[in-house]
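Tertiary structure, described
Listed below, chain by chain, are the residues.
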Amino acid sequence: MPNILHSSFFVADATQLILDHAAVAIEERGRFFLALSGGSTPKAIYENLAKLAPDASRWVVTFGDERSVPPDHADSNYRMASDAWLARSEATVLRMKGELDPAAAALDYEAQLGAFPDFRHDLILLGMGDDGHTASLFPGTTALEETTRRVVENYVPQLGVWRLTFTFPFINAARKVVFLVKGQSKLALVQAIIEGDTDYPSERIQPVDGRLLWLVGE
Ligand code: 6PG
């Protein structure tokens, strides 16, 4: 049963959670593998990280998904995180190349991950949409069925766009997965997913040998 934490200090609690996991990972393994989520919710958290300016020289930062747009595009998750924090950090950033053909970009990202033998995320941050999607694993899309690859291109007919996304196997291989969800509108959905009585994509986030936490802000 996943844990759920209702937070009145969402940004501070999320930031501290990241810093705590970084400290443990670096202490135990010398590096911190962190996956960032996109969308709007995490922006304030990344801005807070920029303000606190932790030593991220041992951090390897990935993206759970990306839009098929160039890195300077307004819709780019990379651009949002870079402007908010990454550009001013010493982290090693593995960027999903949204400017490439989606299939080529997915293969390129797999190659970037391959540079780190036995890659395993210490912490993956996820958001959730009102339709229960997470990363770019949208209801009814092909990527939901991927069982071996870590990163795939995914056409999202609901939006009429291509996306790049981590797959369920890759996300569920993490040591810790944290959903960062804000807004009353999503509370009922979070509860239903935690109770396991839906077929939303977010319900299939079930770390195999890791922990799952829902951090829910007002
Ligand atoms: C994206 C995200 C996506 C996001 C949810 C929630 O690229 O949009 O990765 O999964 O986390 O859609 O988005 P909000 O935080 O904007 O509600």
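Our structure is the block above this text.
Residues numbered from 1 in each chain as written. Predicted model: local features only at pLDDT ≥ 70, side-chain atom pairs only at ≥ 80, totals over all residues. Heavy atoms only, no water.

**Structural notes on the environment of L213**
Of note, L213 is situated in strand 10 (residues 211-217). A relative accessible area of 11% means that L213 is categorised as buried. Placed 208 residues apart in sequence, L213 and L5 show a C-alpha to C-alpha distance of 7.4 Å. (Helix = DSSP H or I, 4+ residues; strand = E, 2+ residues; numbered from the N terminus. Buried < 20%, exposed > 50% of the residue type's maximum accessible area, 1.4 Å probe, protein only.)

**Examining the site of the ligand**
The full set close to the ligand counts 15 residues, and S40, T41, D65, H133 and A135 are the nearest of them. Side-chain polar atom of N77 to an oxygen atom of the ligand: 2.9 Å apart, as the coordinates give it. Here an oxygen atom of the ligand sits 2.8 Å away from a polar atom, N or O, in the side chain of K186. The fraction of the free accessible surface of the ligand (420 Å²) that becomes covered by protein chains is 87%. One can see that the ligand is located within the largest pocket. Taken together, the residues of the shell around the ligand break down into two nonpolar, nine polar and four charged. (Near = heavy atom within 4 Å. Polar contact = N/O pair within 3.5 Å; in protein donor to acceptor, adjacent residues only side chain to side chain. Areas by Shrake-Rupley, 256 points an atom, 1.4 Å probe, with all protein chains shown as cover. 1 Å grid on protein atoms, 1.4 Å probe; cavity = no way out; pocket = protein on both sides within 12 Å on 5 of 7 lines; lining within 4 Å. Sits in = over half its atoms within 2 Å of the grid points. Nonpolar A, V, L, I, M, F, W, Y, C, P; charged D, E, K, R; others polar.)

**What about helix 1 (residues 10-29)?**
Compared with an ideal rise of 1.5 Å per residue, which puts 20 residues at 28 Å, helix 1 spans 28 Å between its outermost C-alpha atoms and is within 8% of the ideal. Every buried residue of helix 1 is accounted for by F10, A14, T15, L17, I18, A22 and A25. Viewed end-on, helix 1 has its buried residues packed into an arc of 155°, placing them on one side of the element. One or two residues past the end of helix 1 sits G30, with phi positive at roughly 85°. (Expected span 1.5 Å × (residues − 1). Arc of directions from axis to C-beta.)

**Section: the environment of E66**
Note on placement: E66 falls in strand 4 (residues 65-67). Sequence separation between E66 and S76 is ten residues, and the spatial gap between their C-alpha atoms is 6.7 Å. Among all residues touching E66, those that are not within four sequence positions of it are D75, S76, N77, Y78, M96, R163 and L164. Only 2.8 Å separates the side chain of E66 from the backbone nitrogen of Y78, close enough to count as a polar contact. (Contact = heavy atoms within 4.5 Å.)

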